[in-house]
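# Structure assessment
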Amino acid sequence: MKWHLTQLGAREKYLYPRIINNKGRLGSFSTDMWFRGIDSLPLTGKYARLKTRFHSDLDSVNVNTKNLSSLYRMIKPYTGNSFDKWVKQGESFGNWATKQIEKAGLSSDDYIFGYTCGSLEIAKLARERNVKMVLGQCDPGFYWYDIQKAEAEKWVTDNLDLYIPNKVFKDRVLNEWSLANTIIVNSIHSKQGLINYGVDENKIKILPLVSPMLSENIFDETKNIKHKINILFVGNISFAKGFPYYAEAQKILKNDKRFEFYAVGDMHIPSEVIQKQNWNIKFTGRLNQEELSEFYKKSHILVFPTLSEGFGQVQLEAMAYGLPVIATNKCGDVVVDGVNGKIIESCSSKQIVDAILEITTNETAYNEISKKALETVEKFSFPIIQAKFWEIFK
């Protein structure tokens, strides 16, 4: 029994091919881009992301790639709105991936794996050949777009269609869900999102993501919170991530000079909204891993106010640096309330402020929560998540 994996992008840091290759069951692995040995190249902007298109755990694997055409699409992207682009990209990749799987050869006990919107063609192949199709679902499905649209309506008045999936996109995803034998999600929240749109709950399996394991011990047991406290937001700066509530929390605390609020990530909120709201946040833009690491080291708390999230690996990233995390319950179950951070309701700047003040009441309490945050990372190690994966498919 072999697995044939397809993957657009560096999703989940190539978790599934790594798990399956470790077991010796990787029949083929096809992805849009794969670059060995480019870490030292002075790539900037969007091209710096090419350095993430490789994983040392798969160094010995013969990876099928379409590097040239994918690089061309970075230079000259598909036209149309985001949903049209995703469908065009998914169709192109799915047709190409189907050919790679057929070249590798399929047996009746094989599995085919792909991610949502890039897998309709391989799902049809799986049905034709009577092999099992496994679909990776990174987000809570259409529920995420419902939330994004509803939240956008609170802050903007124009171009709301940008937040609404069109029929072509929705039909493609619905067909993938229907054809899949198993759908892997990363949280209870995502599972419920799919059930709400009619997906059979028996085919949905939950697998958390893997925590980053740092090669150095960077935990500071005596981090000072008396004079300056850096509050951090990491991720796409968008409505669905709950960013406006993070920014509004800063307004509530603006007279407390201990607190500095930072936001790391790409901007997905119209500039006129940022200007109108006069949010006093220090925006850094997207950072590379080394730069982000330095931010984690000098920060004290991560706020993850998402309104809907497939998992939220940033929670584990922050905890790997000993940061307590303030998160909603609309994501992966990482935070234990009062132990390694605080769980808050979504859409509540006041609860963000209350959680920040509670965590920073005194240094002894803060450092104890920080230690528990660091211990949490071990519970999401690669061996543990790998074992959970094979428990699903035993």
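Residues numbered from 1 in each chain as written. Predicted model: local features only at pLDDT ≥ 70, side-chain atom pairs only at ≥ 80, totals over all residues. Heavy atoms only, no water.

We now examine the nonpolar core. In this structure, Trp-3, Tyr-16, Tyr-296, Leu-302 and Phe-389 are the most contacted members of the largest nonpolar core, which totals 51 residues. In this view, Phe-389 contacts Trp-3, Tyr-16, Ile-19, Ile-20, Ile-184 and Leu-207; residues no more than four positions away in its chain are not counted. Judged by nonpolar contacts, the second largest core, of 37 residues, contains Phe-233, Ile-237, Ile-356 and Ile-369. (Core = buried A, V, L, I, M, F, W, Y, C linked by side-chain atoms within 4.5 Å. Buried < 20%, exposed > 50% of the residue type's maximum accessible area, 1.4 Å probe, protein only. Contact = heavy atoms within 4.5 Å.)

With that settled, the discussion passes to the packing of aromatic side chains. Scanning the entire structure with this criterion turns up 36 aromatic pairs. An angle of 80° between the planes, with centres 5.8 Å apart, marks the rings of Tyr-145 and Phe-169 as edge-to-face. You can see Tyr-145 sitting in helix α5 (residues 142-155) and its partner Phe-169 sitting in helix α6 (residues 167-179), a full 24 residues away along the chain. Here Tyr-145 matches Phe-169 in class, with each residue buried. Arranged with centres 5.8 Å apart and planes meeting at 80°, the rings of Phe-243 and Trp-279 form a pair that is edge-to-face. Highlighted residues: Phe-243 in helix α8 (residues 243-252) and Trp-279 in the loop between α9 (271-277) and β10 (282-285), separated in sequence by 36 residues. Pair check on accessibility: Phe-243 and Trp-279 agree, each one buried. The rings of Trp-3, Tyr-16, Tyr-111, Phe-113, Tyr-115, Phe-389, Trp-390 and Phe-393 are connected pair by pair, giving a single aromatic cluster. (Phe/Tyr/Trp six-rings, centres within 6.5 Å; stacked < 30°, edge-to-face > 60°. Helix = DSSP H or I, 4+ residues; strand = E, 2+ residues; numbered from the N terminus.)

In this section: the sheet that holds strand β2 (residues 26-31). Here 7 strands make up an open sheet; going across it, the order is β3-β2-β1-β4-β5-β6-β7 and the pairing parallel. Each having just a single partner strand, β3 (64-65) and β7 (204-206) make up the two edges of the open sheet. Bridge count for strand β6 (residues 182-185) against β7 is 3 bridges, and the pairing is parallel. Its bridge partner lying in β7, Val-185 is registered against Ile-206. Across the sheet, helix α3 (residues 82-104) lies against β1 (3-7), β2, β3 and β4 (111-115), angled at about 155° from β2, the strand it touches most. Contacts from helix α4 (residues 120-129) reach β1, β4 and β5 (132-136) within the one sheet, and its direction differs from that of β4 by about 160°. (Pairing = 2+ DSSP bridges. Axes fitted to C-alpha atoms, helices over the stretch in contact; angles between N-to-C directions.)

Okay, the state of the cysteines next. Counted by the stated rule, this structure contains 0 disulfides. Unpaired in terms of disulfides, Cys-117 finds its nearest cysteine sulfur in Cys-138, a separation of 12 Å. (Disulfide = S-S within 2.5 Å.)

As a further point, take the sheet that holds strand β12 (residues 325-328). With parallel pairing, 6 strands are arranged side by side in an open sheet as β10-β9-β8-β11-β12-β13. The sheet is open, and its two edges are formed by β10 and β13 (341-344), each paired on a single side. Sheet twist, expressed as the average angle between the axes of neighbouring strands with direction ignored, equals 20°. Of the strand pairs in this sheet, strand β11 (residues 301-304) and β12 are connected by 3 bridges, and their pairing is parallel. Each residue of the ladder has a partner; that of Phe-304, found in β12, is Ala-327. Relative to the sheet, α8 contacts β8 (229-234), β9 (259-264), β10 and β11, its axis offset from that of β9 by approximately 160°. Against the sheet, helix α12 (residues 349-359) touches β8, β9, β11, β12 and β13, its axis set at about 165° to β13.

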